Amino acid sequence: MSGSLTDLSHHFLIAMPGMVDPAFAGTMIYLCNHDEEGAMGLTVNRPLDVPLRALFEQFDLSCVGNRGSEALLNGGPVQRDWGFVLHSDAAKQWQGTQQVGCGVKMTASRDIIEDLARGKDAPEHSCVVLGYAGWGAGQLEAELLDNAWLTVPADAVLLFETPVEQRADRAAASIGVDLSKLSNSAGRA
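Summarised in this report is the structure supplied together with it. These figures come from a predicted structure and were not determined experimentally.

### A short note on the overall build of the chain
Okay, step 1: Of the regular secondary structure elements, the chain holds five helices and 10 strands.
Okay, step 2: For 189 residues, the compact-globule estimate of 2.2 N^0.38 gives 16 Å, and the chain sits close to it at 17 Å.
Okay, step 3: C-alpha extents for the chain along the principal axes are approximately 55 × 35 × 30 Å.
Okay, step 4: Looking at the 189 residues of the chain, the share that counts as buried comes to 45%.

Below, the structure is given as structure tokens:
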């Protein structure tokens, strides 16, 4: 990675109040990858009106325990039929599991869905999302210069143990920002 790009992998992006794009207004995105070629992240604060149980049923899996009642999350506007699981560390390794940040892994394979449904060998904490947010080379950097996003170092506890509707406010508060007091317009000094 070049010295001019700050790698924001394992950071939260919180949409600033002036964000007008409805796909991103009010969102908090967990940035999974960021390099010279672009960025990829998963929205972690937009529940869908679809329980995880529906995904299990689509795969013909029986659900054990109460995990089936958890909501699937709208991960972003790209490839909305692709599923990703952000999860805590676990003893088991699934196909394609990638370490994203301290205490956060991402898996996009059926075997983790099977374990979540069975409740056996599943990670203690997880978020199942459909779709993702993506940026081409330089696109996210331009949006950051336009003050479209607040960047916050990610925290696995905040990601997995904070109610969905409180995640953005708590992440912002972790760096001393009160989202309710931010202006809808941004400028530069």
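Read on, since the account is not over.
### Describing the state of the cysteines
Okay, step 1: Taken as a whole and assessed by the stated rule, the structure comprises zero disulfides.
Okay, step 2: Not engaged in a disulfide, the cysteine Cys 102 finds its nearest cysteine sulfur in Cys 32; these two sulfurs lie 15 Å apart.
Okay, step 3: Classification of Cys 102 by relative accessible area gives exposed; the value is 66%.
Okay, step 4: As a non-bridged cysteine, Cys 127 has Cys 32 as the owner of its nearest cysteine sulfur, 11 Å distant.
Okay, step 5: Relative accessible area serves as the criterion here: at 4%, Cys 127 is assigned to the buried category.

### Quick word on the packing of aromatic side chains
When we look at a pair of aromatic rings, we describe it by the centre distance and by the angle of the planes.
Okay, step 1: Enumeration over the complete set of coordinates arrives at six aromatic pairs.
Okay, step 2: Aromatic side chains Phe 12 and Tyr 30 sit 6.0 Å apart centroid to centroid with 65° between the ring planes, which places their arrangement in the edge-to-face category. With Phe 12 in strand E1 (residues 11-15) and Tyr 30 in strand E2 (residues 28-35), the pair connects residues that are 18 residues apart, well separated along the chain.
Okay, step 3: For Phe 12, a relative accessible area of 0% puts it in the buried group.
Okay, step 4: Classification of Tyr 30 as buried rests on a relative accessible area of 0%.
Okay, step 5: Ring centres of Phe 84 and Tyr 132 lie 5.9 Å apart, and the angle between their planes is 85°; this geometry places the pair in the edge-to-face category.

### Here's the deal with unusual backbone geometry
Okay, step 1: We note that Asp 60 has phi near 55°; this positive angle belongs to a residue other than glycine.
Okay, step 2: Turning to its location among the elements, Asp 60 is positioned in the loop between helix H1 (52-58) and strand E5 (71-74).
Okay, step 3: The exposure class of Asp 60 is exposed, given its relative accessible area of 73%.
Okay, step 4: For Asn 147, which is not glycine, the phi torsion reads 60° and is therefore positive.

The rules behind these values
Counting restarts for each chain: residues are numbered from 1 in the order of the written sequence. Note on the predicted model: pLDDT of at least 70 is required for a residue's local features to be given, and 80 or more for side-chain atom pairs to be given and counted; whole-chain, interface and lining totals, by contrast, use all residues. The side-chain quantities take in all heavy atoms of the structure and omit both hydrogens and water. Numbering goes from the N terminus for both helices and strands, where a helix is a DSSP run of H or I of at least four residues and a strand is a run of E of at least two. Throughout, the radius of gyration refers to the C-alpha atoms, and the reference size of a globule is 2.2 Å times the residue count to the power 0.38. Exposed residues in this analysis have more than 50% of their type's maximum accessible area, buried residues have under 20%, and partly exposed residues fall in between, with area computed by a 1.4 Å probe over protein chains only. Note on terminology: pairs of cysteine sulfur atoms within 2.5 Å are recorded as disulfides. Aromatic pairing here means that ring centres of Phe, Tyr or Trp (its six-membered ring) are within 6.5 Å. Orientation follows from the plane angle: under 30 degrees is stacked, over 60 is edge-to-face, and everything else is tilted.

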